[in-house]
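Here's the letter readout for the chains.
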Amino acid sequence: IWDGLPQRMAFYRSGWDVLLSSPQEGPWVTVFDFNPTINSDLDAPLGRRAVNLDGNISTFYRMSYQTTLVFGVQYWDRVDKIIVPNAGAIFTPDERLEVRLMYPKSRISYGLGEILGSTHWLYATGEYHVESYQLNAQGVSNQEQIQMSDWRFAVGVQSDHYTYDKYIEIGYVIDRHVKFADSIPDFVIGNGVMFRG
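**Q** Would you take a moment to explain the overall build of the chain for this structure?
**A** Regarding its fold elements, the chain presents zero helices and 14 strands. Along its sequence from the N terminus, the chain presents helices and strands in the succession β-β-β-β-β-β-β-β-β-β-β-β-β-β. Counting only C-alpha atoms, the chain reaches 60 × 35 × 30 Å along its principal axes. Per-residue burial over the chain gives 38% buried out of 197 residues. A separation threshold of at least 6 residues defines the contact pool for the chain, and within that pool the share at least 24 residues apart is 44%. Looking at the chain as shown, the accessible area adds up to about 11700 Å², and 59% of this sits on carbon and sulfur atoms. Within the chain, one finds 16 positive and 23 negative side-chain charges whose respective centroids are separated by 1 Å.

**Q** Which parts of the structure should I look at to understand the pairing of strand 6 (residues 81-85)?
**A** Moving residue by residue along a regular strand, the side chains alternate between the two faces of the sheet. With burial as the criterion, only one face of strand 6 is covered, namely that bearing Ile82 and Val84; the residues Lys81, Ile83 and Pro85 on the opposite face remain uncovered. The pairing of strand 5 (residues 67-77) with strand 6 spans five bridges and is antiparallel. Of the residues in strand 6, the one forming a bridge with tryptophan 76 is isoleucine 82. Between strand 5 and the antiparallel strand that follows it, strand 6, lie three residues.

**Q** Can you help me understand the packing of aromatic side chains in this one?
**A** The description of an aromatic ring pair rests on the distance of the ring centres and on the angle between the ring planes. Applying the stated criterion across every chain, the model contains six aromatic pairs. Here phenylalanine 11 and tyrosine 133 contribute two aromatic rings whose centre-to-centre distance is 4.7 Å and whose plane-to-plane angle is 20 degrees, an arrangement assigned as stacked. Of the two residues, phenylalanine 11 is situated in the segment before strand 1 (12-15) and tyrosine 133 in strand 10 (residues 118-135); the sequence distance between them amounts to 122 residues. Centroid distance tyrosine 128 to tryptophan 151: 5.2 Å. Interplanar angle 45 degrees. Geometry classified as tilted. Here tyrosine 128 is found in strand 10, whereas its partner tryptophan 151 is found in strand 11 (residues 144-160), with 23 residues between them in sequence. We classify tryptophan 151 as partly exposed; its relative accessible area is 29%.

**Q** Looking at this structure, how should I read unusual backbone geometry?
**A** Backbone phi values are negative for most residues with the exception of glycine, while trans is the configuration of most peptide bonds. Here the bond from tyrosine 103 into proline 104 is cis, since omega is 15 degrees, no more than 30 degrees from zero. When you line up the elements, proline 104 lands in the loop between strand 8 (97-103) and strand 9 (105-115). Residue leucine 116 is not a glycine yet carries a positive backbone phi of 55 degrees. By the secondary structure assignment, leucine 116 is in the loop between strand 9 and strand 10.

The rules we used
- Starting from 1, residues in each chain are numbered consecutively following that chain's sequence as written.
- This being a predicted model, a pLDDT of at least 70 is required before a residue's local features are given, and a value of 80 or more before pairs of side-chain atoms are given or counted; all residues contribute to the totals for chains, interfaces and linings.
- Side-chain descriptors were evaluated using all non-hydrogen atoms of the structure, hydrogens and water having been removed beforehand.
- What counts as a helix is a DSSP run of H or I of at least four residues, what counts as a strand is a run of E of at least two, and both are numbered from the N terminus.
- Accessibility here uses a 1.4 Å probe with only protein chains present; expressed as a share of the type maximum, an area under 20% marks a residue as buried, one over 50% as exposed, and anything in between as partly exposed.
- Here, two residues are considered to be in contact whenever any of their heavy atoms come within 4.5 Å of each other.
- Per-residue and other accessible areas were derived by the Shrake-Rupley procedure at a 1.4 Å probe size, with only the shown protein chains allowed to occlude residues.
- As used throughout, the charge tally considers Lys and Arg to be positive and Asp and Glu to be negative, leaving His and the chain termini uncounted.
- Think of each charge as sitting on NZ of Lys, CZ of Arg, CG of Asp or CD of Glu.
- When DSSP finds two or more bridges between a pair of strands, those strands are recorded as paired.
- Pairing of aromatic rings covers Phe, Tyr and Trp, the last through its six-membered ring, and needs centres within 6.5 Å; plane angles under 30 degrees mean stacked, over 60 mean edge-to-face, and all others mean tilted.

Quick look at the structure:
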């Protein structure tokens, strides 16, 4: 790893998600999602590289009560300007099971029912994930930008309390790549265990 990077790095993300949906006209619904965020290690004044402007436009076609097809595209504002499909199918064979076979994120959820006043779900998920932050590194501009990409697989439990949700999950992260906007060499990080809540 490049000598100018600290041994441990902490990053922070804060954002706002705006979702607009068309009225449902027969089986069709189109959704536009805009997600501006500020992403930084907070060690230097915020610049353009701390801002990610992500967007998503997708159309949902409900073939039947149990099956919905999704056609869309996402834009991720990172070191690389990334365009990925947001496509696949959603199956809900009954009230307890939902299968989202999608790219870049798939999820299978099973309803456990109401426990202690909230609805609980057991789920498994897999996704391609890319995040980016402004980084202050010694010997380079305080506007350096780091991009981290990986594949994540996890199992967890989510509860819906109507005014808020909570979840806890454990997973495994593979194929982890780190890339920089300017002069710091790229590198690879080993696979690892992930806990999220």
